[in-house]
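Residue-level structural notes
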Amino acid sequence: NAGVTQTPKFQVLKTGQSMTLQCAQDMNHEYMSWYRQDPGMGLRLIHYSVGAGITDQGEVPNGYNVSRSTTEDFPLRLLSAAPSQTSVYFCAVKSLWDSRSTDTQYFGPGTRLTVL
Amino acid sequence: AQSVAQPEDQVNVAEGNPLTVKCTYSVSGNPYLFWYVQYPNRGLQFLLKYITGDNLVKGSYGFEAEFNKSQTSFHLKKPSALVSDSALYFCAVRDGSGTSGSARQLTFGSGTQLTVLP
């Protein structure tokens with residue numbers, strides 16, 4: 001099992017460009033989320049989803065869109081990239097109902113994004 | 001609102017010595033507390049969690065953490081540090097009350113860089 005995969009690993013964009021960060025899981029977990037990691041600020045939640053067709057905003061949603069059409073995939077879209085979106089992005093998944101792994105999140109390897 | 005404080009950006013310890021990485025939290029309901037570790041250029045890995053029960057929680061790689069409700073702390077400890085323990089450590093909390101989506105959101109601390117010196 002691959003667990004949680006993210007593509008691409010690295011990306012450089014120019015201001016105003018758009019792109020989609022991909023996240024896929026083979027763990028059949030209901031909950032998927034996107035975080036950004038910035039130095040000295042820990043991880044901040046961007047968007048999350050508790051199942052296919054359901055998404056909601058986290059702490060820092062502005063400038064990002066998400067959709068969840070399947071259990072496996074949770075893409076993050078930047079419609080018009082800005083230098084302030086330079087960061088490392090992590091996708092994380094967890095089961096909402098498995099009592100053995102309550103609240104344990106499994107993280108992907110991350111995407112390092114630079115916006116010039 | 002919930003929050004986590006990791007008061008030390010950097011902790012240095014000699015190999016073989018005990019280590020402590022500090023974490024304090026604030027949450028309105030029942031705290032669910034977590035420690036994650038991040039090695040360079042990798043995603044976060046789960047170490048341990050406190051949901052309920054014994055205040056001393058044992059986790060992966062010989063780490064443990066003690067939940068102290070009166071001091072609202074959840075410090076990470078290890079009796080004998082290894083060079084391979086050098087990494088970035090994150091404490092996280094969420095309100096364990098209720099079942100709404102917002103209650104499932106984790107709040108992370110800013111991280112503590114642990115360096116174990118040989």
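Before any of the text, the structure's been laid out above.
Report on the accompanying structure. Note that the structure is predicted; figures quoted are calculated from it, not measured.

**Focus on the overall build of chain A**
Across its full length, chain A carries zero helices and 11 strands. Each helix and strand of chain A, ordered N terminal to C terminal, gives the series β-β-β-β-β-β-β-β-β-β-β. Computed over C-alpha atoms, the radius of gyration of chain A comes to 14 Å, within 12% of the 13 Å expected from 2.2 N^0.38 for 116 residues, which places it in the range of a compact globule. Expressed as lengths along the three principal axes of its C-alpha atoms, the size of chain A is roughly 45 × 30 × 25 Å. Burial status across chain A gives 49% buried among its 116 residues. The long-range share in chain A, meaning contacts at least 24 apart out of those at least 6 apart in sequence, stands at 55%. Carbon and sulfur atoms make up 51% of the accessible area of chain A, which totals about 5400 Å². Across chain A, 9 positive and 9 negative side-chain charges occur, with their mean positions spaced 10 Å apart.

**Here's the deal with the interface of chain B and chain A**
Taken together, the contact pairs 21 residues of chain B with 26 residues of chain A. Both faces combined, the contact of chain B with chain A buries some 1700 Å², and carbon together with sulfur accounts for 52% of it. The tally of links from chain B across to chain A stands at zero salt bridges. Run the count over chain B and chain A and you get four residue pairs in polar contact (both at pLDDT 80 or more). Residue assignment for the side of chain B that touches chain A shows that the elements contributing at least two residues are β5 (31-38), β6 (44-50) and β10 (87-95) of chain B. Per-element tally for the side of chain B that touches chain A: the top contributor is β5 of chain B, with four residues. Broken down by class, the residue content of the side of chain B that touches chain A amounts to nine nonpolar, eight polar and four charged.

**A word on the pairing of strand β12 (residues 112-117) of chain B**
Side-chain direction in a regular strand flips from residue to residue, so the side chains alternate between the two faces of the sheet. Residues and elements named next belong to chain B. Here β12 shows a buried face lined by Thr112, Leu114 and Val116 and an unburied face lined by Gln113, Thr115 and Leu117. Pairing of strand β2 (residues 10-14) with β12 involves five bridges; the strand directions are parallel. Across the sheet, alanine 14 pairs through a bridge with leucine 117, a residue of β12. Two strands pair when backbone bridges link them, and β10 and β12 are joined in this way by three bridges, in the antiparallel orientation. Pairing of alanine 87 across the sheet is with leucine 114, part of β12.

**Structural notes on the pairing of strand β5 (residues 42-51) of chain A**
Residues and elements named next belong to chain A. Burial analysis of β5 places nine of its 10 residues in the buried class, the great majority of the element. Pairing of strand β4 (residues 31-38) with β5 involves seven bridges; the strand directions are antiparallel. In the strand pairing of β5, tyrosine 35 is matched with leucine 45. Counted along the chain from β4 to the antiparallel partner β5, the turn is three residues long, and its residue glycine 40 has a positive phi close to 75°. Where β5 hands over to strand β6 (residues 54-57), the hairpin turn is made up of two residues, of which glycine 53 adopts a positive phi near 85°.

The rules behind each value
- Residues numbered from 1 in each chain as written.
- Chains lettered and ligands numbered in written order.
- Predicted model: local features only at pLDDT ≥ 70, side-chain atom pairs only at ≥ 80, totals over all residues.
- Heavy atoms only, no water.
- Helix = DSSP H or I, 4+ residues; strand = E, 2+ residues; numbered from the N terminus.
- Rg over C-alpha atoms; globule rule 2.2 N^0.38 Å.
- Buried < 20%, exposed > 50% of the residue type's maximum accessible area, 1.4 Å probe, protein only.
- Contact = heavy atoms within 4.5 Å.
- Areas by Shrake-Rupley, 256 points an atom, 1.4 Å probe, with all protein chains shown as cover.
- Lys, Arg positive; Asp, Glu negative; His and termini not counted.
- Charge placed at Lys NZ, Arg CZ, Asp CG, Glu CD.
- Buried area = accessible area lost by both parts, 1.4 Å probe.
- Salt bridge = Lys/Arg side-chain N within 4 Å of Asp/Glu carboxyl O.
- Polar contact = N/O pair within 3.5 Å; in protein donor to acceptor, adjacent residues only side chain to side chain.
- Nonpolar A, V, L, I, M, F, W, Y, C, P; charged D, E, K, R; others polar.
- Pairing = 2+ DSSP bridges.

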